[in-house]
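# Architecture at a glance
Chain by chain, the residues run as shown.
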Amino acid sequence: MTILSWTEISEDKQESLIQLIPEEWRNPSIKEEMINAGFSNTYDYLDTILPKDEVEITSLTMLELIAKIANKTFTSLQVAKAYCHRAALAHQILNCCVEIFFDQAFDDAKRMDEYLAVNGKVSGPLHGVPISLKDQVDLPGFASSIGYVSLAEDKKTKMSLIAIKLKEMGAVFYVKTTVPTAMMSNETESNLVGYTYNSKNINLSSGGSSGGEGSLIGAGASVMGFGTDIGGSIR
């Protein structure tokens, strides 16, 4: 039996996240390219490199997005792909995701489209809307490591109540976002995934403990996410 050091577990985790991104969306030099292009704001930079139709989708407010899915201007799958693509690029710049499951999101989005086609109405108020979740929200098959290397492979078997309720309303999950170790820090950094940067200014902290959520949303890679706040992390 091989016992990995904590640094090896950390390296494996960070590399696994990159491998979960479709190959055509991977760019190991994207952060350097953004900085060399004179950008410190990730939202602004992503708007210049993403396809126009994806920028249109990710620029909508949540209410606008809900309406356009319901009236079939965009399919749930189109929306999921736009947000997953933007999140993939944002993560490679900001290090803001701790779990990535785009394929599952695409499958769920397809089911939303099938439901709308068969029933002629949406399944709920969040039908087909991509929702990001802070790491502590449990999803079956994924860890809620809250920054601990020792919990990196501790996959949950049950879904948190808030996730259940969001699913019932038609939400599509696609990522879980980074937190500092034990969620008890005013910066989002852990031995497991490293440092999460501020999407509005790459030179600043993203805060904590909901720093991953803040960075992802600030980059336009989530239209709505769920964090928690004891000491001001989402304020």
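Residues numbered from 1 in each chain as written. Predicted model: local features only at pLDDT ≥ 70, side-chain atom pairs only at ≥ 80, totals over all residues. Heavy atoms only, no water.

### Concerning the overall build of the chain
A tally of helices and strands in the chain yields nine helices and six strands. The C-alpha radius of gyration computed for the chain amounts to 17 Å, which stays within 12% of the reference 18 Å derived for 235 residues, consistent with globular compactness. Each principal axis of the C-alpha distribution contributes one length, and for the chain these read about 55 × 45 × 40 Å. Sorting the 235 residues of the chain into buried and exposed places 48% on the buried side. Accessible area for the chain stands at about 11,200 Å²; split by element, carbon and sulfur atoms hold 54% of it. Counting 20 positive and 29 negative side-chain charges, the chain places the averaged centre of each group 8 Å from the other. (Helix = DSSP H or I, 4+ residues; strand = E, 2+ residues; numbered from the N terminus. Rg over C-alpha atoms; globule rule 2.2 N^0.38 Å. Buried < 20%, exposed > 50% of the residue type's maximum accessible area, 1.4 Å probe, protein only. Areas by Shrake-Rupley, 256 points an atom, 1.4 Å probe, with all protein chains shown as cover. Lys, Arg positive; Asp, Glu negative; His and termini not counted. Charge placed at Lys NZ, Arg CZ, Asp CG, Glu CD.)

### Overview of the pattern of salt bridges
If you walk through the whole model with that rule in mind, you get eight salt bridges. Put simply, Lys176 and Asp135 hold a salt bridge, and the shortest N to O gap is 3.7 Å. One end of the pair, Lys176, is in strand β3 (residues 172-177); the other, Asp135, is in the loop between β2 (130-134) and α8 (161-168), with 41 residues separating them in the sequence. Here the two residues Lys176 and Asp135 agree in accessibility, since each one is buried. The partner of Glu168 in a salt bridge is Lys165, with the nearest N and O atoms 3.7 Å apart. (Salt bridge = Lys/Arg side-chain N within 4 Å of Asp/Glu carboxyl O.)

### Considering unusual backbone geometry
Here the residue pair Gly208 and Ser209 is connected by a cis peptide bond, since its omega of 15° sits within 30 degrees of zero. With respect to the helices and strands, Ser209 occurs in the loop between β5 (194-195) and α9 (211-218). Although it is not a glycine, Lys72 adopts a positive phi angle of roughly 70°. Its place among the elements puts Lys72 in the loop between α5 (62-70) and α6 (76-94). Residue classification places Lys72 among the exposed residues on the basis of a relative accessible area of 53%. Phi is positive for Ala182, close to 65°, though the residue is something other than glycine. Structurally, Ala182 can be placed in the loop between β3 and β4 (189-190). The class for Ala182 is partly exposed, based on a relative accessible area of 26%.

### Description of the environment of Ile3
Within the element layout of this structure, Ile3 appears in the segment before α1 (6-19). Taking the C-alpha atoms as reference, Ile3 lies 36 Å from Ile164; in sequence the two are 161 residues apart.

### Comments concerning the side chain of His127
Relative to the helices and strands, His127 is located in the loop between α7 (102-119) and β2. Taking relative accessible area as the criterion, His127 reaches 2% and is therefore assigned buried. At 3.1 Å, the side chain of His127 forms a polar contact with the backbone oxygen of Met112. (Polar contact = N/O pair within 3.5 Å; in protein donor to acceptor, adjacent residues only side chain to side chain.)

### Considering the sheet that holds strand β1 (residues 97-100)
What the four strands build is an open sheet, ordered β1-β3-β2-β6; its pairing is mixed. On the outer flanks of this sheet lie β1 and β6 (224-226), each paired with one strand and no other. Sheet twist, expressed as the average angle between the axes of neighbouring strands with direction ignored, equals 30°. Bridge analysis of β2 against β3 gives four bridges, and the strand direction is parallel. Looking across to β3, one finds that Leu133 is bridged to Lys176. Running over the sheet, α8 touches β2, β3 and β6 and is turned about 150° from β3. (Pairing = 2+ DSSP bridges. Axes fitted to C-alpha atoms, helices over the stretch in contact; angles between N-to-C directions. Contact = heavy atoms within 4.5 Å.)

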